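Report on the structure
Now for the letters of each chain:
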Amino acid sequence: METQQADLEGYRQPERVVPLPETISQQAREFLATPSFALEPLPETNEPADWAAHIATVDQRMAEMLAAVTFPVDVTAHPVEECVVYEATPQKGGVTEDGAILYFHGGGYIYGRGDAGAKMASSLAVASGLPCFCPDYRMPPEHPFPAALDDAVAAYLWLADRVDPARILIAGNSAGGGLAAASLLKLRDIGVTMPAGAILATPEADLTEAGDTFHTNYGLDRVLAERLMPANLLYANGHDLRDPYLSPVYGTFDGFPPVMLLSGTRDLFLSNTVRLHRAMRRDGVQASLHVWEAMPHGGFFGAPEDAEMLAEQVSFIQSVLSPK
């Protein structure tokens, strides 16, 4: 019997069609059947002007998408050191005595300026009944790492002066999930009282993009169609990409509060999420991992699975903020 020799470079697969699964809702199937979101190609230069023009174009497109879906929240701006924190408060209720969510927006560490974070957090604010405080953290090209992390820590300290940390939950999506995890590392390292819990939705937790799904889900993710290495390098500004404050998956997690992590089987960042969950579990963190069938990066944008994912987050928030 002839023995096949291992190809250590990896598996070589022929071109194939990946079917739309019958195991998800019709709305989710329809979403997967549409073309991927087309972002402007990332600049191939290091010129700040090129990046600034690119970011402005994408931010405008993002603003148009966010404006298409609204939630009943009131938005208030609070200046906090070097950034502005936007508070999205449900119009029915939403008092900080019940708790508060510190929410970090996604956008590859380069997109989402202004009140975009408050708009992204509005559904969570309404579903949970809690105000969401959303830092407009500084970003490249003008403000690379560690500006965003400094702003995140400043926003938490500002909020913790107003709300008992035992009633604060930190949350973030994509780059915001990575920043939320990095913020927890920093808060622990400087000896600050930690929040009650954290929700990390498809976190950008490894800027080296070393995970398996950066290959297996490449071209399959309906939302995140391209890798983000040029943006990662712009954000890192020459720092080691394996620095845990940049890529939290390389950190240690003793002293962390309970954490919920969310992703989908077609998410380019699934490996980020899975690896971060395993790293936290190895360090004894009460971390739970929720993975949705066929879900791409960030969700299906209106399918029943999105409502289910939101309900799971609200249940987690209620569990960690409930009186002990």
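None of the values given here were measured: they were computed from a predicted structure. (Residues numbered from 1 in each chain as written. Predicted model: local features only at pLDDT ≥ 70, side-chain atom pairs only at ≥ 80, totals over all residues. Heavy atoms only, no water.)

Observations regarding the nonpolar core
Defined as follows: Definition used in this section: a nonpolar core is a set of buried Ala, Val, Leu, Ile, Met, Phe, Trp, Tyr and Cys residues joined via side-chain atoms within 4.5 Å. Remark: exposure states derive from per-residue accessible area (1.4 Å probe, protein chains only) relative to the maximum for the residue type, with buried under 20%, exposed over 50%, and partly exposed in between. Only DSSP runs of H or I covering at least 4 residues are called helices, and only runs of E covering at least 2 are called strands; the numbering of each starts at the N terminus. Here a residue-residue contact requires only that any non-hydrogen atoms of the pair lie within 4.5 Å.
In this structure, I170, L179, L200, F256, V259, L276 and M280 are the most contacted members of the largest nonpolar core, which totals 50 residues. Examining the composition of this core, we find that nine residues originate from one element, helix 4 (residues 147–160), more than from any other. When neighbours within four sequence positions are excluded, L179 is seen to be in contact with F104, Y109, Y137, A148, L149, A152 and Y235.

Here's the deal with the layout of surface pockets
This is how the line gets drawn: Using protein atoms alone on a 1 Å grid, points that fit a 1.4 Å probe yet trap it form a cavity, whereas open point sets bounded by protein on both sides within 12 Å along at least five of seven lines form a pocket; residues with an atom within 4 Å of a point count as lining. Grid points are joined across faces, edges and corners, and a volume is the space filled by probe spheres set on the points. Nonpolar residues are Ala, Val, Leu, Ile, Met, Phe, Trp, Tyr, Cys and Pro. Charged residues are Asp, Glu, Lys and Arg, and all others, Gly as well, are polar.
The space that makes up the largest pocket amounts to roughly 1400 Å³. The wall of the largest pocket is formed by 46 residues, among which L66, M120, N173, G298 and F301 lie closest to the centre. Among the secondary structure elements, those contributing two or more residues to the lining of the largest pocket are helix 2 (48–67), helix 3 (116–128), strand 5 (168–173), strand 6 (197–201), strand 7 (259–264) and helix 9 (304–321). For the lining of the largest pocket, the element with the most residues is helix 2, which contributes five residues. Its volume calculated, the second largest pocket comes out at about 390 Å³. Taken together, Y11, Q13, P14, E15, R16, V18, D212, H215, T216, Y218, G219 and L220 make up the lining of the second largest pocket. The residue makeup of the lining of the second largest pocket, split by class, is five nonpolar, four polar and three charged.

Here we look at the pairing of strand 7
Condition: Pairing between strands is defined by DSSP: at least two bridges between the two strands are required.
Most of strand 7 is tucked away, with six of its six residues classed as buried. Where burial is concerned, the two faces of strand 7 agree: the one with V259, L261 and S263 and the one with M260, L262 and G264 are both buried. Examined bridge by bridge, strand 6 and strand 7 share four bridges and lie parallel to one another. Bridged to I199 within strand 7 is M260. Sheet analysis places strand 7 next to strand 8 (residues 287–292), joined by six bridges and oriented parallel. Considered in strand 8, the bridge of M260 is made with S288.

Some points on the packing of helix 3 against helix 9
Note the following rule: Lines fitted to C-alpha atoms define the axes here, with helix axes fitted over just the stretch in contact, and angles between the N-to-C directions of these axes take values from 0 to 180 degrees. Comment on the angle field: the value is read as roughly parallel under 35 degrees, roughly antiparallel over 145, roughly perpendicular from 65 to 115, and oblique elsewhere. For any helix crossing, the convention is left-handed if the near helix is rotated counterclockwise from the far helix by under a right angle, and right-handed if that rotation is clockwise.
Two numbers describe how helix 3 lies on helix 9: the axes approach to 10 Å, and their chain directions differ by 55°. Relative to helix 9, the element helix 3 lies oblique. In this structure, helix 3 crosses over helix 9, and the sense of that crossing is right-handed. Of the residues in helix 9, those touching helix 3 at S123, L124, A127 and S128 are L310, Q313, V314 and I317. Grouping the amino acids of the contact of helix 3 with helix 9 by side-chain chemistry returns five nonpolar, three polar and no charged.

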